[in-house]
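Spelled out, the chains give:
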Amino acid sequence: MSGEKREMVVSEQESGMRLFLFLQRRLSDCPPPSVLHRWVRSGQVRVNKGRTKAYNILEAGDFVRVPPFATARQYEADQAVRAKEKGGSLDLGRGIVVLAEEDDYLVLVKPAGLAVHPGTGIDDCVTKRLKTAFSGQPFCPAPAHRLDRHVSGILLVGTSHAGLKKLSAWLSGGEMTKTYLAWVAGDWRFSGPVTLEDYLKKLPAGKDGADVVSVVTKDEPGARHSSLIAEPLARLEKGETAAITVDGATLLKINLETGRTNQIRAQLPARGHPIIGDGRHGGPRFSGLLLHAFHVALPNGKEYASLPSWPGQFTIPPSLPL
(Lines give C-alpha, C1' and ligand atoms only; values in the text may rest on other atoms or scores of the structure.)
Protein backbone atom coordinates (compact mmCIF):
# COMPACT_ATOMS: atom_id res chain seq x y z
CA MET A 1 0.00 0.00 0.00
CA SER A 2 1.55 3.29 -1.07
CA GLY A 3 2.19 6.31 1.13
CA GLU A 4 -0.58 8.31 -0.53
CA LYS A 5 -3.10 5.71 0.51
CA ARG A 6 -2.22 6.24 4.16
CA GLU A 7 -3.77 9.71 4.01
CA MET A 8 -7.45 10.15 3.28
CA VAL A 9 -8.68 13.58 2.24
CA VAL A 10 -11.92 14.82 3.77
CA SER A 11 -14.38 15.69 1.01
CA GLU A 12 -16.89 18.55 0.94
CA GLN A 13 -19.62 16.02 1.63
CA GLU A 14 -17.78 14.86 4.79
CA SER A 15 -17.02 18.32 6.17
CA GLY A 16 -18.31 18.69 9.74
CA MET A 17 -18.13 14.96 10.46
CA ARG A 18 -16.43 13.86 13.68
CA LEU A 19 -13.19 11.90 13.24
CA PHE A 20 -14.55 8.75 14.90
CA LEU A 21 -17.50 8.54 12.50
CA PHE A 22 -15.27 9.37 9.52
CA LEU A 23 -13.01 6.43 10.34
CA GLN A 24 -15.95 4.08 10.81
CA ARG A 25 -17.35 5.04 7.41
CA ARG A 26 -14.09 5.10 5.48
CA LEU A 27 -12.19 2.05 6.74
CA SER A 28 -12.87 -1.34 5.24
CA ASP A 29 -13.09 -4.09 7.89
CA CYS A 30 -13.38 -1.35 10.49
CA PRO A 31 -12.02 -2.47 13.89
CA PRO A 32 -14.05 -2.22 17.13
CA PRO A 33 -14.55 1.26 18.66
CA SER A 34 -12.05 0.51 21.43
CA VAL A 35 -9.33 -0.13 18.84
CA LEU A 36 -10.15 3.07 16.93
CA HIS A 37 -9.88 5.05 20.16
CA ARG A 38 -6.52 3.44 20.93
CA TRP A 39 -5.20 4.33 17.46
CA VAL A 40 -6.18 7.97 18.02
CA ARG A 41 -4.81 8.15 21.59
CA SER A 42 -1.47 6.60 20.56
CA GLY A 43 -1.03 8.97 17.61
CA GLN A 44 -1.39 6.28 14.93
CA VAL A 45 -4.25 8.38 13.56
CA ARG A 46 -3.38 12.02 12.86
CA VAL A 47 -5.13 14.96 11.23
CA ASN A 48 -3.00 17.34 9.16
CA LYS A 49 0.11 15.66 10.65
CA GLY A 50 -0.89 16.54 14.22
CA ARG A 51 -2.30 14.56 17.11
CA THR A 52 -6.03 14.78 17.51
CA LYS A 53 -9.03 13.46 19.45
CA ALA A 54 -11.63 10.94 18.35
CA TYR A 55 -14.52 13.39 18.40
CA ASN A 56 -12.81 16.41 16.82
CA ILE A 57 -14.73 17.85 13.86
CA LEU A 58 -13.15 17.56 10.42
CA GLU A 59 -13.19 20.14 7.65
CA ALA A 60 -13.07 19.69 3.88
CA GLY A 61 -9.47 19.26 2.72
CA ASP A 62 -8.19 17.85 6.02
CA PHE A 63 -5.70 15.00 5.68
CA VAL A 64 -6.47 12.04 7.93
CA ARG A 65 -3.52 9.71 8.37
CA VAL A 66 -4.16 6.11 9.42
CA PRO A 67 -1.91 3.09 10.10
CA PRO A 68 -0.78 1.50 6.80
CA PHE A 69 -2.50 -1.81 7.51
CA ALA A 70 -5.84 -0.12 8.25
CA THR A 71 -6.68 0.39 4.57
CA ALA A 72 -4.58 -2.41 3.03
CA ARG A 73 -7.54 -4.44 1.84
CA GLN A 74 -9.33 -1.40 0.54
CA TYR A 75 -6.20 -0.37 -1.35
CA GLU A 76 -5.96 -3.73 -3.08
CA ALA A 77 -9.63 -3.40 -4.06
CA ASP A 78 -8.96 0.09 -5.44
CA GLN A 79 -6.07 -1.31 -7.47
CA ALA A 80 -8.37 -3.91 -9.00
CA VAL A 81 -10.95 -1.27 -9.90
CA ARG A 82 -8.35 0.96 -11.56
CA ALA A 83 -6.91 -1.98 -13.47
CA LYS A 84 -10.37 -2.83 -14.76
CA GLU A 85 -10.96 0.78 -15.81
CA LYS A 86 -7.66 0.78 -17.72
CA GLY A 87 -8.59 -2.44 -19.44
CA GLY A 88 -5.96 -4.50 -17.64
CA SER A 89 -2.68 -3.99 -15.82
CA LEU A 90 0.55 -5.77 -15.10
CA ASP A 91 -0.01 -9.52 -14.70
CA LEU A 92 2.83 -11.59 -13.25
CA GLY A 93 0.94 -14.84 -13.05
CA ARG A 94 -0.75 -16.89 -10.38
CA GLY A 95 -0.14 -15.86 -6.81
CA ILE A 96 1.74 -12.57 -7.30
CA VAL A 97 -0.13 -9.41 -6.30
CA VAL A 98 1.06 -6.08 -7.74
CA LEU A 99 0.55 -3.85 -4.72
CA ALA A 100 1.86 -0.64 -6.31
CA GLU A 101 3.36 0.57 -9.59
CA GLU A 102 5.59 3.58 -8.91
CA ASP A 103 7.65 5.59 -11.41
CA ASP A 104 10.79 3.47 -11.12
CA TYR A 105 9.88 0.49 -8.98
CA LEU A 106 7.16 -2.09 -8.31
CA VAL A 107 5.88 -3.36 -4.99
CA LEU A 108 4.89 -7.02 -5.24
CA VAL A 109 3.40 -9.48 -2.77
CA LYS A 110 5.07 -12.84 -3.34
CA PRO A 111 3.27 -16.04 -2.35
CA ALA A 112 4.97 -18.70 -0.24
CA GLY A 113 6.51 -21.46 -2.34
CA LEU A 114 7.58 -19.21 -5.23
CA ALA A 115 11.33 -18.55 -5.47
CA VAL A 116 12.65 -15.09 -6.31
CA HIS A 117 15.63 -16.33 -8.35
CA PRO A 118 16.20 -19.48 -10.41
CA GLY A 119 18.08 -22.44 -8.96
CA THR A 120 18.51 -26.19 -9.15
CA GLY A 121 15.13 -27.79 -9.75
CA ILE A 122 13.33 -24.44 -9.87
CA ASP A 123 11.37 -23.94 -13.09
CA ASP A 124 9.23 -21.01 -11.92
CA CYS A 125 10.43 -17.88 -10.13
CA VAL A 126 9.77 -14.15 -9.89
CA THR A 127 12.66 -13.11 -12.15
CA LYS A 128 11.51 -15.50 -14.90
CA ARG A 129 8.01 -14.06 -14.74
CA LEU A 130 9.40 -10.53 -14.93
CA LYS A 131 11.38 -11.42 -18.05
CA THR A 132 8.25 -12.80 -19.68
CA ALA A 133 6.09 -9.82 -18.74
CA PHE A 134 8.67 -7.26 -19.88
CA SER A 135 9.95 -9.13 -22.94
CA GLY A 136 11.33 -6.73 -25.52
CA GLN A 137 11.64 -3.82 -23.09
CA PRO A 138 14.96 -1.95 -22.86
CA PHE A 139 15.26 -2.73 -19.14
CA CYS A 140 14.00 -5.89 -17.47
CA PRO A 141 12.85 -5.16 -13.90
CA ALA A 142 14.85 -6.90 -11.18
CA PRO A 143 14.27 -7.58 -7.48
CA ALA A 144 16.24 -5.28 -5.20
CA HIS A 145 16.45 -7.90 -2.44
CA ARG A 146 15.70 -11.56 -1.83
CA LEU A 147 12.87 -13.25 -0.01
CA ASP A 148 13.16 -16.93 0.90
CA ARG A 149 11.19 -19.29 -1.31
CA HIS A 150 8.90 -20.38 1.54
CA VAL A 151 8.41 -16.86 2.91
CA SER A 152 5.51 -14.77 1.63
CA GLY A 153 5.21 -11.01 1.54
CA ILE A 154 6.40 -7.73 0.09
CA LEU A 155 9.14 -7.72 -2.55
CA LEU A 156 10.55 -4.53 -4.12
CA VAL A 157 11.50 -4.56 -7.80
CA GLY A 158 13.37 -1.85 -9.69
CA THR A 159 11.86 -1.06 -13.10
CA SER A 160 14.79 1.10 -14.23
CA HIS A 161 18.48 1.11 -13.55
CA ALA A 162 18.17 4.24 -11.46
CA GLY A 163 15.27 2.74 -9.55
CA LEU A 164 17.14 -0.47 -8.80
CA LYS A 165 20.20 1.48 -7.62
CA LYS A 166 18.03 3.64 -5.40
CA LEU A 167 16.33 0.67 -3.76
CA SER A 168 19.66 -1.10 -3.28
CA ALA A 169 21.19 2.01 -1.71
CA TRP A 170 18.29 2.35 0.70
CA LEU A 171 18.69 -1.28 1.71
CA SER A 172 22.46 -1.22 2.16
CA GLY A 173 22.32 2.13 3.96
CA GLY A 174 19.73 0.94 6.47
CA GLU A 175 17.27 3.60 5.35
CA MET A 176 14.50 1.10 4.64
CA THR A 177 12.41 -0.37 7.45
CA LYS A 178 11.25 -3.96 6.93
CA THR A 179 8.73 -5.58 9.25
CA TYR A 180 7.75 -9.24 9.38
CA LEU A 181 5.02 -11.23 11.10
CA ALA A 182 5.70 -14.75 12.37
CA TRP A 183 3.91 -17.36 14.45
CA VAL A 184 6.44 -19.13 16.66
CA ALA A 185 6.11 -22.22 18.81
CA GLY A 186 5.71 -21.69 22.55
CA ASP A 187 4.82 -18.82 24.85
CA TRP A 188 7.24 -15.95 24.17
CA ARG A 189 8.52 -14.90 27.57
CA PHE A 190 8.87 -11.17 26.82
CA SER A 191 5.85 -8.87 27.09
CA GLY A 192 7.21 -5.99 25.01
CA PRO A 193 9.78 -5.25 22.27
CA VAL A 194 13.17 -6.88 22.79
CA THR A 195 16.37 -6.64 20.75
CA LEU A 196 17.98 -9.96 19.80
CA GLU A 197 21.66 -9.86 18.85
CA ASP A 198 23.58 -12.88 17.63
CA TYR A 199 26.36 -14.02 15.33
CA LEU A 200 25.28 -16.20 12.42
CA LYS A 201 27.10 -18.54 10.08
CA LYS A 202 25.98 -20.59 7.10
CA LEU A 203 26.61 -24.28 7.77
CA PRO A 204 26.88 -27.16 5.28
CA ALA A 205 23.70 -28.19 3.49
CA GLY A 206 21.18 -30.25 5.41
CA LYS A 207 19.31 -33.40 4.36
CA ASP A 208 17.17 -31.44 1.89
CA GLY A 209 20.27 -30.04 0.19
CA ALA A 210 19.65 -26.50 1.43
CA ASP A 211 22.10 -24.47 3.50
CA VAL A 212 21.32 -24.00 7.18
CA VAL A 213 22.11 -20.77 9.01
CA SER A 214 22.87 -21.15 12.70
CA VAL A 215 23.80 -19.01 15.71
CA VAL A 216 27.51 -19.32 16.56
CA THR A 217 30.01 -17.59 18.84
CA LYS A 218 31.45 -14.21 17.97
CA ASP A 219 34.91 -15.72 17.44
CA GLU A 220 33.73 -18.35 14.96
CA PRO A 221 35.37 -17.78 11.54
CA GLY A 222 32.83 -16.31 9.13
CA ALA A 223 30.40 -15.27 11.88
CA ARG A 224 28.34 -12.17 11.05
CA HIS A 225 26.58 -9.91 13.55
CA SER A 226 22.78 -9.97 13.29
CA SER A 227 20.19 -7.89 15.09
CA LEU A 228 16.39 -7.70 15.14
CA ILE A 229 13.61 -6.40 17.36
CA ALA A 230 10.80 -8.82 18.26
CA GLU A 231 7.49 -7.85 19.87
CA PRO A 232 4.61 -10.19 20.80
CA LEU A 233 1.19 -9.29 19.39
CA ALA A 234 -1.01 -12.29 20.22
CA ARG A 235 -0.84 -15.66 21.91
CA LEU A 236 -2.58 -19.01 21.49
CA GLU A 237 -2.99 -21.55 24.26
CA LYS A 238 -2.11 -25.20 23.74
CA GLY A 239 -5.76 -26.11 23.16
CA GLU A 240 -6.00 -23.52 20.39
CA THR A 241 -3.19 -25.11 18.37
CA ALA A 242 -4.68 -28.55 17.92
CA ALA A 243 -3.64 -28.60 14.25
CA ILE A 244 0.01 -28.94 15.30
CA THR A 245 1.86 -30.55 18.17
CA VAL A 246 3.03 -27.44 19.98
CA ASP A 247 2.57 -26.16 23.53
CA GLY A 248 1.02 -22.82 22.59
CA ALA A 249 2.11 -20.26 20.00
CA THR A 250 2.98 -16.55 19.85
CA LEU A 251 2.54 -14.05 17.02
CA LEU A 252 5.60 -11.81 16.75
CA LYS A 253 6.17 -8.54 14.92
CA ILE A 254 9.81 -8.41 13.83
CA ASN A 255 11.83 -5.41 12.66
CA LEU A 256 15.15 -6.22 11.04
CA GLU A 257 18.16 -4.11 11.99
CA THR A 258 20.48 -6.19 9.80
CA GLY A 259 19.63 -8.12 6.66
CA ARG A 260 21.32 -11.49 7.04
CA THR A 261 20.19 -14.56 5.10
CA ASN A 262 17.64 -16.60 7.10
CA GLN A 263 18.26 -14.29 10.04
CA ILE A 264 14.79 -14.56 11.58
CA ARG A 265 14.62 -18.31 10.99
CA ALA A 266 17.91 -18.75 12.89
CA GLN A 267 17.66 -16.24 15.74
CA LEU A 268 14.20 -17.22 17.01
CA PRO A 269 14.95 -20.98 17.36
CA ALA A 270 18.07 -20.06 19.33
CA ARG A 271 15.66 -18.85 22.05
CA GLY A 272 13.55 -21.98 21.87
CA HIS A 273 10.88 -20.50 19.59
CA PRO A 274 11.21 -21.83 16.02
CA ILE A 275 8.77 -20.58 13.42
CA ILE A 276 5.79 -22.82 12.84
CA GLY A 277 6.29 -24.75 9.62
CA ASP A 278 10.08 -24.27 9.58
CA GLY A 279 11.25 -27.87 9.86
CA ARG A 280 14.74 -26.94 8.68
CA HIS A 281 15.29 -24.95 11.88
CA GLY A 282 13.41 -27.20 14.29
CA GLY A 283 9.91 -25.81 13.86
CA PRO A 284 6.76 -27.97 14.15
CA ARG A 285 5.35 -29.39 10.94
CA PHE A 286 2.60 -27.38 9.25
CA SER A 287 1.17 -26.83 5.79
CA GLY A 288 3.34 -23.75 5.27
CA LEU A 289 5.96 -21.49 6.83
CA LEU A 290 4.22 -18.85 8.99
CA LEU A 291 6.64 -16.02 8.21
CA HIS A 292 5.48 -13.03 6.15
CA ALA A 293 7.15 -9.77 5.04
CA PHE A 294 4.28 -7.54 6.14
CA HIS A 295 5.39 -3.91 5.89
CA VAL A 296 8.05 -1.74 4.24
CA ALA A 297 8.72 1.94 4.94
CA LEU A 298 10.93 3.85 2.50
CA PRO A 299 12.91 7.07 3.05
CA ASN A 300 10.81 8.78 0.35
CA GLY A 301 7.93 8.76 2.84
CA LYS A 302 6.00 5.92 1.23
CA GLU A 303 4.90 2.80 3.06
CA TYR A 304 3.43 -0.46 1.84
CA ALA A 305 1.63 -3.17 3.79
CA SER A 306 -0.02 -6.51 3.08
CA LEU A 307 -1.44 -8.99 5.58
CA PRO A 308 -0.70 -12.72 5.17
CA SER A 309 -3.42 -15.18 4.19
CA TRP A 310 -2.77 -17.73 6.93
CA PRO A 311 -5.40 -20.37 7.73
CA GLY A 312 -7.66 -20.98 10.70
CA GLN A 313 -6.48 -19.88 14.12
CA PHE A 314 -3.39 -18.27 12.59
CA THR A 315 -5.41 -15.70 10.61
CA ILE A 316 -4.39 -12.11 11.44
CA PRO A 317 -7.46 -10.13 12.62
CA PRO A 318 -7.78 -6.80 10.73
CA SER A 319 -8.40 -5.10 14.09
CA LEU A 320 -5.07 -6.23 15.56
CA PRO A 321 -2.93 -3.12 16.24
CA LEU A 322 0.22 -3.73 14.21
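Residues numbered from 1 in each chain as written. Predicted model: local features only at pLDDT ≥ 70, side-chain atom pairs only at ≥ 80, totals over all residues. Heavy atoms only, no water.

> Could you clarify how one ought to interpret helix H2 (residues 33-41) in this entry?
Three- or four-residue spacings in an α-helix give side chains the same orientation, since the helix completes a turn every 3.6 residues. All buried positions along H2 are accounted for by Val35, Leu36, Trp39 and Val40. Looking straight down H2, one finds its buried side chains confined to an arc of 140°; they lie on one side. Gly43 lies just past H2 and shows a positive phi near 85°. (Buried < 20%, exposed > 50% of the residue type's maximum accessible area, 1.4 Å probe, protein only. Helix = DSSP H or I, 4+ residues; strand = E, 2+ residues; numbered from the N terminus. Arc of directions from axis to C-beta.)

> Looking at this structure, I do not really get the sheet that holds strand S2 (residues 46-47). What am I missing?
Picture the strands of a sheet paired through backbone hydrogen bonds; they go either parallel or antiparallel. Strand order in the open sheet made by the three strands is S1-S3-S2, with antiparallel pairing throughout. Two strands in the sheet have a free side with no partner beyond their single neighbour: strand S1 (7-9) and S2. Bridge analysis of S1 against strand S3 (residues 63-65) gives three bridges, and the strand direction is antiparallel. Bridge pairing in S3 links Val9 to Phe63. (Pairing = 2+ DSSP bridges.)

> Is there a simple way to explain the nonpolar core in this structure?
Proteins that are soluble and globular tend to have nonpolar side chains buried together. Leu108, Tyr180, Ile254, Ile264, Leu268, Ile275 and Leu291 are the most contacted members of the largest nonpolar core, which totals 31 residues. Elements supplying a minimum of two residues to this core: strand S5 (105-110), helix H4 (126-133), strand S7 (152-158), strand S8 (177-185), strand S9 (194-203), strand S11 (224-236), strand S12 (249-256) and strand S13 (291-297). With three residues, the top contributor of residues to this core is S8. (Core = buried A, V, L, I, M, F, W, Y, C linked by side-chain atoms within 4.5 Å.)

> Before we go on, may I ask you to explain the pattern of salt bridges in this structure?
If the charged atoms of two oppositely charged side chains come close together, the side chains can form a pair. As enumerated under the stated definition, the model contains ten salt bridges in all. Glu231 is the salt-bridge partner of Lys253, the closest N and O atoms lying 3.8 Å from each other. You can see Lys253 sitting in strand S12 and its partner Glu231 sitting in strand S11, a full 22 residues away along the chain. Here the residues in one salt-bridge network are Arg146, Asp148, Arg265 and Asp278, joined through shared partners. (Salt bridge = Lys/Arg side-chain N within 4 Å of Asp/Glu carboxyl O.)

> Before we go on, may I ask you to explain the pairing of strand S4 (residues 97-101) in this structure?
Every regular strand shows the same layout, with side chains that alternate between the two sheet faces. Note: S4 against S5, four bridges, orientation antiparallel. Bridge pairing in S5 places Val98 opposite Leu108.

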